[in-house]
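What the coordinates show
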Amino acid sequence: MAEWQRTHTCGDLTEAHIGQTATLNGWVLINRNFGNQIFVDVRDRYGLTQVVFEGDDADLYAAGDKLRREHCVSVIGVVRRRVKGKERTDIPTGQVELKATKLEVLNAAPPLPFSVTEFPDEELANEDLRLQYRYLDLRRRSLQNVLILRHKLNTVIREYMVAHQFLEIETPLLGKSTPEGARDYLVPSRVYNGEFYALPQSPQLYKQLMMVAGYDRYYQIARCLRDEDLRADRQPEFTQLDVEMSFVEQDDVIRIMEGLTADIFKQCLGVTIPTPLPRIGYADALLRYGSDKPDLRFGLEIQDIGDIAAESDFTVFKSVLAAGGVVRGINAKGAAATFSNSALKPGGELPKVVETYKAKGLAWMKFEGDKFTGSIEKFFPDAVKAKLKERLDVQPGDLVMFVADKESVAADSLGALRVYLGNKLGLIDPAKKTFAFAWVVDFPMFGYDEEEKRWVANHHPFTAPRDEDLASLETDPGKVRAKAYDLVCNGYEVGGGSIRIHRQDVQSRVFAMLGMAADDAKARFGFLLDALNSGAPPHGGIALGLDRWAMILSGTTNIRDVIAFPKNKQARDLMTGAPAVVEPRQLKDLGIKLG
Ligand code: ASP
């Protein structure tokens, strides 16, 4: 071992080491010169130790004084107790310090573009700057903690999957397009100019083929790539725990994943997630929460009041109902005083929330003293008011709000209003670390794309319809329910999967329903159709979005915090400069001419 190499990490030294000689390797977090003493905090992944340089060795003292932030150093010294009153209780090494006897600067660093100290109240530098120097940003303790937690997440997953007989199997990155509803990233072939590989949107078809091949239980911590517009919780490449099982029904997949969920939260956070998790039907979720990924940390449920609205004299409600729309309401309990009448006026704080989701307006009434108030109150005869009061459980001080529109608009806009109110009224306490999991089940198999005038798969085209609905596949596609299930937590979709079609005839019918002609289906998915006709077992699976899991576990709302080298919001890697132009020769090899 070379003399400079560490005997301990920066997180090791405690009172038990007092009097011993130790060598530490790490980075200078900060240095403070007090005239006769220089204190240097040396940091590594494991912790932080205070090193002291004193005047008894003038050369060493001078060398200590030259240290600057983020110099990489080796320090040899003697462990001693800190001066009384200078102990730190927030770190394990806080009782001791290392009195330096030798210093070696392993590598110096120029002044940094930003600080990595993370003092309380210290503002972070601009994110693009931090992404440009990501290797420095990653030195921040909070980011290190997140990535360490993410490692723990992967470890717990692997242990659980192995204990349940799953095989970890890798699938190709260069393949053929698997439709998950997004745009593909394409890779041009040099050998076959004009032909392209598609990077996987998921390993979906490969994992199904592993079931056909008899591997029975498969998993992979898989990278998936989707060329979509980025959002706070979306990156062009992301990681899924991808799972597939043979000879299973929906309940079997759900049970395995509930066990894993409980294990992850117990081992990563020490939190107990009671299982079985609640299940909620898709239609019910849309009605009550206005979303198929409801945040169940708080109530504020949406109610249909169409039947009551029909008895009112309010023409806005009545004409929407006559046109086949719905009238739904939400009772913001105790919020009458929180929102002034001007916050409720068209263009005001709350109407703005629903207008973003295309609602034409927000009708409202307050219940003050013993009566409803507000401009639409006069359209509701007493008997109708009494029904409204009962349906929405209205008490003095409550604010009730309504959206009348077509069903999807009413659901989306009231769903957004519900979440807005949940935050605004303090119904979600981030400090409490509540994790409200649920399964959303009974999804419709297809949705109708108004623009393209055709049916589209709600999950992906390999999802099985419910057996009892199979007969109406062609005759009443809107009514067909899928054997699909999503796992949601705190308003995020954290997983989704389905039982798959395992019979060729059914798969062909579904392709046809999606507007794929038989020869087109054969050209794109002939290999799957052949495989399904080769003794394919009943099978199903799921994928969990691990980036979102890491976000929830670490309490961040920024997906870039849980990925070591993320792209920025404009899909650029600011550190390496990708995407970048390439040599003309490379384009020539690929047969590509830029237009
Ligand atoms: N492949 C699906 C997805 O990526 C998940 C699944 O059905 O297993 O969303």
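**Brief notes about unusual backbone geometry**
Residue Thr275 is joined to Pro276 through a cis peptide bond whose omega torsion reads 0°. A cis amide bond, omega -5°, links Ala578 with the succeeding residue Pro579. The backbone of Gln165 shows a phi angle near 65°, a positive value even though the residue is not glycine. Examined against the element boundaries, Gln165 turns out to sit in the loop between helix 4 (141–163) and strand 6 (167–168). Relative accessible area serves as the criterion here: at 58%, Gln165 is assigned to the exposed category.

**Observations regarding the packing of helix 4 against helix 16 (residues 546–554)**
The interhelical angle for the contact between helix 4 and helix 16, taken along N-to-C directions, is 120°, at an axis separation of 10 Å. Classified by the interaxial angle, the pair formed by helix 4 and helix 16 is oblique. Remark: the crossing between helix 4 and helix 16 carries right-handed chirality. In contact with Val146, Leu149, Arg150, Leu153, Asn154 and Ile157 of helix 4, helix 16 contributes Leu546, Asp547, Trp549, Ala550, Leu553 and Ser554.

**Focus on the site of the ligand**
Residues in contact with the ligand amount to 13 residues; listed here are only the nearest, Glu180, Gln204, Lys207, His460 and Arg500. In the environment of the ligand, a nitrogen atom lies 2.6 Å from a nitrogen or oxygen atom belonging to the side chain of Gln204. In isolation the ligand offers 270 Å² of accessible surface; the protein chains occlude 89% of this area. In terms of residue count, strand 22 (residues 539–545) provides more of the shell around the ligand than any other element does, 3 residues in total. A class-by-class count of the residues in the shell around the ligand yields 2 nonpolar, 7 polar and 4 charged.

**Points about the side chain of Gln235**
Following the sequence through the fold, Gln235 ends up in the loop between strand 9 (217–225) and strand 10 (237–246). From its side chain, Gln235 meets the backbone nitrogen of Lys567 in a polar contact 2.9 Å long. If we ignore the near neighbours within four places in the chain, the residues touching Gln235 are Leu230, Ile559, Arg560, Ile563, Pro566 and Lys567.

**Things to note about the pattern of salt bridges**
Between side chains of opposite charge, a pair can form as their charged atoms come close. Throughout the structure, instances matching the rule amount to 46 salt bridges. Across the salt bridge formed by Arg500 and Glu244, the nearest N and O atoms sit 2.7 Å from each other. Separated by 256 residues along the polypeptide, Arg500 in the loop between strand 21 (492–499) and helix 14 (504–513) and Glu244 in strand 10 bring together distant segments of the chain. In this structure Glu244 comes out as buried when scored by relative accessible area, which is 0%. Where Asp467 meets Lys483, a salt bridge forms, and the shortest distance between an N and an O atom there is 3.0 Å.

**Re the nonpolar core**
If you look at the biggest cluster of nonpolar residues, it comprises 66 residues, and the most contacted ones within it are Ile264, Phe437 and Trp549. Top element by residues in this core is helix 6 (residues 250–269). It accounts for 8 residues. Residue contacts for Trp549: discarding those within four places in its chain leaves Leu153, Thr261, Ile264, Phe265, Phe437, Leu487, Val494 and Leu544. Judged by nonpolar contacts, the second largest core, of 26 residues, contains Ile330, Met401, Val403 and Ala416.

**Remarks on helix 1 (residues 58–65)**
Here helix 1 has its buried residues at Leu60, Tyr61 and Gly64. The buried residues of helix 1 occupy an angular sector of 100° when projected down its axis, which confines them to one face. Exposed positions of helix 1 whose direction lies more than 90 degrees from the buried face are Ala58 and Asp59. Taken together, the buried residues of helix 1 touch strand 1 (21–33), strand 2 (37–44), strand 3 (47–54) and strand 5 (96–107). Between the side-chain oxygen of the N-cap and the backbone nitrogen of Asp59 there are 3.3 Å, and the N-cap of helix 1 in question is Asp57.

**Structural notes on the pairing of strand 14 (residues 363–368)**
Here strand 14 lies mainly inside the structure; 5 of its 6 residues are buried. Examined bridge by bridge, strand 14 and strand 16 (residues 398–405) share 5 bridges and lie antiparallel to one another. Bridging across to strand 16, Ala363 finds its partner in Phe402. Of the strand pairs in this sheet, strand 14 and strand 15 (residues 371–373) are connected by 3 bridges, and their pairing is antiparallel. In the strand pairing of strand 15, Glu368 is matched with Lys371. The hairpin turn running from strand 14 into strand 15, its antiparallel successor, is 2 residues long, and Gly369 in that turn takes a positive phi close to 65°.

The rules behind the values
Residues numbered from 1 in each chain as written. Predicted model: local features only at pLDDT ≥ 70, side-chain atom pairs only at ≥ 80, totals over all residues. Heavy atoms only, no water. Helix = DSSP H or I, 4+ residues; strand = E, 2+ residues; numbered from the N terminus. Buried < 20%, exposed > 50% of the residue type's maximum accessible area, 1.4 Å probe, protein only. Axes fitted to C-alpha atoms, helices over the stretch in contact; angles between N-to-C directions. Parallel < 35°, antiparallel > 145°, perpendicular 65-115°, else oblique. Left-handed = near helix turned anticlockwise from the far one by under 90°. Contact = heavy atoms within 4.5 Å. Near = heavy atom within 4 Å. Polar contact = N/O pair within 3.5 Å; in protein donor to acceptor, adjacent residues only side chain to side chain. Areas by Shrake-Rupley, 256 points an atom, 1.4 Å probe, with all protein chains shown as cover. Nonpolar A, V, L, I, M, F, W, Y, C, P; charged D, E, K, R; others polar. Salt bridge = Lys/Arg side-chain N within 4 Å of Asp/Glu carboxyl O. Core = buried A, V, L, I, M, F, W, Y, C linked by side-chain atoms within 4.5 Å. Arc of directions from axis to C-beta. Pairing = 2+ DSSP bridges.

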